[in-house]
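Observations on the model geometry
Given next are the chains, with one letter for each unit.
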Amino acid sequence: MARLASQIKMGYYPTPVDVVARVKEMLHIPEGARLLDPCCGEGEALALLARGTGAGTYGVELDKDRMKKAREVLDRVLWADALHEVIISRKGFSLLWLNPPYDTYVDEEQNRERVEVQFLKNHWDRLQPKGVLIYIIPATSARYAAPFLSTRCTDLAVMRFPEAHFWDFKQIVIICTKARPGRDEVAANKEALERAHMAPYSYQVRKTVPSIIENQLSYEVPPAEVEEENLVFHSSRLDPDEAFLRVRKSSAWVRAAAIVFSSRKHNEISPLMPLREGHLAMLLASGMMNGEVVGEDGVRLVV
């Protein structure tokens, strides 16, 4: 039942505000940085990170109601499935905030992969070199992320949620910099992630995975390398409301409307001679006559 409830919510479990605030204390985010959250929910986490920094904020959200709320606090938000419906520039972002749905995906050949790892692999290329990853997953998923992550980052730190939140979903925060690690660092990364995997099951192991409250780390988030005018950030999903607004603003709509719809000025024009039945029939068939009509005998009709 717990998994079913999670799927009904689309895996939506926002990061506690005090955890986001603690992560922000570890980051130096300059003006000109660009932040991406592919599972942004209502946008609170990214908005808090960017507050007072001048950084740009970009999000993707599958639930339409949450997407609308996120648009109120983030610079740009797409309504889309972030795994399958987005077209986003490679190396376009200084920081990737990733708190994906927690679940297992099974393909047609019965191959299994954690959804958290799918999101990591899918969005890793959107993070620029020397960019910072904030990855929030259950501790028990750390082992599955280790083969991908341990060979692609430096300065990797693994921290538990504060005790007040840890036992809800046994979550950890992984912070690292996108860069090629040396051989010794690869081994250290693997060990840290394997250790985190066992944290919920062993008190002794849990003591070696520090709480995020205890850590005093610092990470430099670089300015965005891709210029704003060159950034690609689109959804392949059609949003009818957005499409309608775009169409109404286009010059093609103005020209088409003039042809298809009758002008209101027609209401001000009176014919020189009384219309015959044939004239009325043509006007009626063409759609030009629409409203109240008064006959010669004073009878009022609605056509």
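This text follows the structure it describes.
The structure reproduced in this document is the subject of the present report. (Residues numbered from 1 in each chain as written. Predicted model: local features only at pLDDT ≥ 70, side-chain atom pairs only at ≥ 80, totals over all residues. Heavy atoms only, no water.)

Re the nonpolar core
Counting 40 residues, the largest nonpolar core has Leu120, Leu133, Tyr135, Leu149, Leu156, Val158 and Ile174 as its most contacted members. Looking at which element gives the most residues to this core, the answer is helix 6 (residues 142-149), with five residues. When residues no more than four places from it in sequence are discounted, the contact partners of Leu149 are Leu120, Trp124, Leu133, Tyr135, Leu156, Ile174, Cys176 and Leu193. With 36 residues, the next largest nonpolar core counts Trp97, Ile136, Tyr219 and Val221 among its residues. (Core = buried A, V, L, I, M, F, W, Y, C linked by side-chain atoms within 4.5 Å. Buried < 20%, exposed > 50% of the residue type's maximum accessible area, 1.4 Å probe, protein only. Helix = DSSP H or I, 4+ residues; strand = E, 2+ residues; numbered from the N terminus. Contact = heavy atoms within 4.5 Å.)

Remarks on the packing of aromatic side chains
For the structure shown, the criterion picks out five aromatic pairs. An angle of 85 degrees between the planes, with centres 5.1 Å apart, marks the rings of Tyr58 and Phe233 as edge-to-face. Taken as a pair, Tyr58 in strand 3 (residues 56-61) and Phe233 in strand 13 (residues 233-235) lie far apart in primary sequence, 175 residues in all. With respect to class, Tyr58 is no different from Phe233; both count as buried. Ring plane angle 80 degrees and centroid distance 4.9 Å describe the contact between Phe166 and Trp167, whose orientation is recorded as edge-to-face. Residue class for Phe166 comes out buried when judged on its relative accessible area of 0%. Within the aromatic cluster, the residues linked to one another by ring pairs are Tyr58, Phe93 and Phe233. In this structure, Lys64 is placed above the aromatic ring of Trp79, and the distance from its NZ or CZ to the ring centre is 4.6 Å. Positioned above the aromatic ring of Phe166 is the side chain of Arg160, whose terminal nitrogen or guanidinium carbon lies 6.0 Å from the ring centre. (Phe/Tyr/Trp six-rings, centres within 6.5 Å; stacked < 30°, edge-to-face > 60°. Lys NZ or Arg CZ within 6 Å of the ring centre and 35° of its normal.)

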